[in-house]
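Overview (structure and organization)
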Amino acid sequence: MKYTSTRGDGKRISSAEAIVAGLAPDGGLYLPTSLPVFSRGELQMMLRLSYPQRAARVLSQFLTDYTLEELEDYTARTYNATKFGGNTPAPVRPLTEHANVLELYHGPTCAFKDFALQMLPLLLTGALKKIGETRTIVILTATSGDTGKAALEGFAGVDGTRIAVFYPEGGTSPIQRLQMTTQTGDNVMVYAVKGNFDDAQNGVKKIFSDAAFHQQVSDKGYLLSSANSINWGRLAPQIAYYVSGYCDLVSQERIAMGDPINVVVPTGNFGNILACYIAKCCGLPIGRLICASNENNVLTEFLKTGIYNRNRRFYTTASPSMDILVSSNLERLLYLMCNGNCKKVSGYMQKLNETGTYQIDDEMLARIHNEFSAGYADDEATLEMIHTMNSKYNYLMDTHTAVAFDVYRQYVQETGDPSTTLLVSTASPFKFPASVLNALGQSTSGDDFHQLDRLCEISGLQAPESLSTLRAKTERFTTVIPPEDMKVSIASWLNI
Ligand SMILES: *Cc1c(COP(=O)(O)O)cnc(C)c1O
């Protein structure tokens, strides 16, 4: 299977090359030139398999440079009880008559990004060998809170790699920040950036599109790459949990094989929901994809009207990992929705770059309306949903998941759609203890760890060890830089 850029430099490359490159040289994102098909028989067969086996089979359809045995080895080393706890890394929990939660937060950093970022180092180091690349990979990653830690945790101590993370100063929860600034490992670096996530992401994109800088780092034996969801190696592992979630619904007799389900995804950079759409394109029986945003509702407006407009107020919300105004992976959706018309995609992206806004044509919008619904929840509705689900179903959820639940509530109210639905839970409630306590009407006094303890007390649940042990760790990284200094900071960190 070959990969090509959404902006169409015309070059076709292998999956290993796409994973090593991250972003295409023309600024576009890589997508497969054709999509595999998950047949009914294949899905039926997967019912019997464990999560790592399912994931390996799904990945093997996209990452054809790797043998099934290699991928089985990678997934077994990644999706195991040591890293993801319990019996299965992505459990499906039935909650109401139609609603089921796909819990994706049982990994080492307590957010769904572990599914991809525990895997990416294996895919990447494997790819380097396959293409004969000997330079040290330097991963540069902008984060709205969860990517950074998940990437650090995945790459720390991995031979042949170094990783630097940029997070918006004050833009993450205190626990998210501590997770990053206490990261151990000789090959890691963490910077706070004065600005918001978009500033950090823009800074990273600028570095990536700086040909002279690429040459400069290359001369010193380094190769820049990305762990953001612009990298195909991040998206591919996410397709697997939708397939697995579907299989689990069949196994639990919530649906019969072949029944379509709806999926609700709390969305920021559009990576997670795009993985779901790709699963659908490959034949997974999915009805509507429901895109849930917080008050930064740029995607809600786009999916409804076809107008993308980033020129708007930026809100810092209770679901910080979705505080994003430029959703990178939307570019991949545009490409798929106009049948790979790269000129069109480039045009829209150029407009976005120059004016901050673009409008897609009616044909593309109609196709989007065929597949996607969209809605958003403000902080008040989000916290209310946490409260409701806890008191009605004794189910404790984090703020991002609650955004999805509220948008689902609105969707059902508007449409009456009774389809069996999978709601994606992207983070542990213990990652955002202040907001969750607030939602439950509890005092939020004291520091984060005080809050963590109180949340344990009132919920009767145990906080994940990776969070409760943070209090004993020392902060290693305290540097704050303006966005315009990101490049020089990297240069000095690499000693070039
Ligand atoms: C990253 C993140 C999201 C958004 O996912 P995208 O793939 O960027 O759309 C949602 N919830 C949590 C907890 C996250 O960490």
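The structure this text deals with has already been given above.
Every value quoted in this text rests on a predicted model; they were computed, and no experiment measured them.

What follows concerns the overall build of the protein. Of regular secondary structure, the protein possesses 23 helices and 16 strands. The contacts of the protein with a sequence gap of at least 6 include a subset with a gap of at least 24, amounting to 74%. Separation of charge centres in the protein, based on 43 positive and 50 negative side chains, amounts to 4 Å.

Time to look at the sheet that holds strand β10 (residues 261-266). Spatially, β4-β5-β15-β10-β11-β14 is the arrangement adopted by the 6 strands of the open sheet, whose pairing is mixed. Only two strands of the sheet have a single neighbouring strand rather than two, namely β4 (92-94) and β14 (372-376). Across the sheet, the axes of successive neighbouring strands diverge by a mean angle of 25°, strand direction being ignored. Note that β10 and strand β11 (residues 286-293) share 5 bridges and pair parallel. Within β11, the position partnered with Pro266 by the bridge is Ala292. Taken strand by strand, helix α12 (residues 232-251) contacts β4, β5 (99-103), β10 and β15 (421-425), and its axis lies near 135° from that of β10.

For helix α8 (residues 146-155), the buried fraction is high: 9 of the 10 residues fall into the buried class. By the burial criterion, the buried members of α8 are Asp146, Thr147, Gly148, Lys149, Ala150, Ala151, Leu152, Gly154 and Phe155.

Rules used in this analysis
Residues numbered from 1 in each chain as written. Predicted model: local features only at pLDDT ≥ 70, side-chain atom pairs only at ≥ 80, totals over all residues. Heavy atoms only, no water. Helix = DSSP H or I, 4+ residues; strand = E, 2+ residues; numbered from the N terminus. Contact = heavy atoms within 4.5 Å. Lys, Arg positive; Asp, Glu negative; His and termini not counted. Charge placed at Lys NZ, Arg CZ, Asp CG, Glu CD. Pairing = 2+ DSSP bridges. Axes fitted to C-alpha atoms, helices over the stretch in contact; angles between N-to-C directions. Buried < 20%, exposed > 50% of the residue type's maximum accessible area, 1.4 Å probe, protein only.

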